[in-house]
Amino acid sequence: MFEMLNTILKNLFSGPVTRPYPAQRREPFASTRGQIKSVIENCIFCMRCQAACPANCIVVDRKEQTWSVDPYRCIVCGMCVEVCPTEAIIMNRHYRDPVKHREPIVKHQEGPIPKINPKAKGIN
Ligand code: SF4
Ligand code: SF4
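For every chain, the first residue of the written sequence is number 1, and numbering continues from 1 along that sequence. In the order they appear in the text, chains get letters beginning with A and ligands get numbers beginning with 1. This being a predicted model, a pLDDT of at least 70 is required before a residue's local features are given, and a value of 80 or more before pairs of side-chain atoms are given or counted; all residues contribute to the totals for chains, interfaces and linings.

1. Let's talk about the overall build of the protein chain
Now for step 1: Going along the chain from the N terminus, every DSSP run of H or I of four or more residues is numbered as a helix, and every run of E of two or more is numbered as a strand. Looking only at helices and strands, the protein chain features three helices and five strands.
Now for step 2: Our radius of gyration is a C-alpha quantity, and the globule rule it is checked against amounts to 2.2 Å times the number of residues to the power 0.38. Computed over its C-alpha atoms, the radius of gyration of the protein chain comes to 22 Å, more than 25% above the 14 Å expected for a compact globule of 124 residues.
Now for step 3: In terms of overall dimensions, the protein chain has C-alpha extents of about 75 × 35 × 25 Å along its principal axes.
Now for step 4: Remark: C-beta atoms are placed from the backbone, and a residue is labelled buried if 20 or more other C-beta atoms sit within 10 Å of its own, exposed if 12 or fewer do, or partly exposed between those counts. Across the 124 residues that make up the protein chain, the buried fraction comes to 12%.
Now for step 5: Any residue pair is listed as a contact if its two C-beta atoms, each placed from the backbone, are within 7 Å. Of the contacts formed within the protein chain by residues at least 6 apart in sequence, a portion of 75% connects residues at least 24 apart.

2. Considering the site of ligand 1
Now for step 1: Whether a residue is near a molecule or strand depends on its C-beta atom, placed from the backbone, lying within 6 Å of it. In the vicinity of ligand 1 there are 15 residues, among which Cys 53, Cys 74, Cys 77, Met 79 and Cys 80 approach most closely.
Now for step 2: Partitioned by chemical class, the residues of the shell around ligand 1 number 14 nonpolar, one polar and no charged. Each residue receives one of three labels: charged for Asp, Glu, Lys and Arg, nonpolar for Ala, Val, Leu, Ile, Met, Phe, Trp, Tyr, Cys and Pro, and polar for the others, Gly being one of them.

3. Focus: the site of ligand 2
Now for step 1: Looking at ligand 2, there are 14 residues lining it, with Cys 43, Cys 46, Cys 49, Cys 84 and Ala 88 nearest.
Now for step 2: Tallied by class, residues from the shell around ligand 2 come to 12 nonpolar, one polar and one charged.

4. With respect to the nonpolar core
Now for step 1: Take the buried Ala, Val, Leu, Ile, Met, Phe, Trp, Tyr and Cys residues, join any whose C-beta atoms are within 7 Å, and the set you get is a nonpolar core. Grouped together as the largest cluster of nonpolar side chains are 13 residues, with contacts concentrated most on Cys 49, Ile 58, Cys 80, Cys 84 and Ile 89.
Now for step 2: Those residues in contact with Cys 84 that sit more than four places away from it in its chain are Arg 48, Cys 49 and Ile 89.

5. Comments concerning the sheet that holds strand E2 (residues 58–61)
Now for step 1: Strands sit in the order E2-E3-E5 across an open sheet of three strands; the sheet is antiparallel. The strands lining the two open edges of the sheet, one partner per strand, are E2 and strand E5 (105–108). Taken pair by pair, the neighbouring strands of this sheet meet at an average axis angle of 10°, ignoring direction.
Now for step 2: Looking at chain direction, strand E3 (residues 66–69) and E5 are connected through four bridges and run antiparallel. Paired with Thr 66 across the strands is His 108, a residue of E5. What makes two strands pair is DSSP finding at least two bridges between them. Lines are fitted to the C-alpha atoms to define the axes, a helix being fitted only along its stretch in contact, and any angle between axes, read from their N-to-C directions, falls within 0 to 180 degrees.

6. What about the pairing of E3?
Side-chain positions along a regular strand alternate between the two faces of the sheet.
Now for step 1: Of the two faces of E3, the one lined by Trp 67 and Val 69 is fully buried and the one lined by Thr 66 and Ser 68 carries no buried residue.
Now for step 2: As paired elements, E2 and E3 share four bridges and run antiparallel to each other. Paired with Val 59 across the strands is Ser 68, a residue of E3.
Now for step 3: Between E2 and E3, which pair antiparallel in sequence order, lie four residues; one of them, Gln 65, sits at a positive phi of approximately 55°.

Quick look at the structure:
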């Protein structure tokens, strides 16, 4: 009886155990895979990310210098980040916000395609 009363009083006067999401968001863990982001200035349109994507959600158009992803098909596996030789795709730790319309993310690169950095991973 005393133990139950103790629990009741504790629950009455202690704060909620949950956070008032989305007003207060928890800081993601260091290895959280939230969403991918394009750094289009670094892209050399090698198409490695498109070939490696298991969800077929990346489309690279070298002629038009566009890179696009369907974020609603992306399974956030990180393969594109892994294979990209120029760090033109990065993994963000924050989850995507909800949206009303499903649209691909399209990035267009202005100017000439950057030269391949010989120090880039996987390029000899
Ligand atoms: S994280 Fe995985 S599923 Fe998403 S675009 Fe990259 S390779 Fe495709
Ligand atoms: S792997 Fe990297 S450099 Fe190559 S097309 Fe994809 S984003 Fe661009």
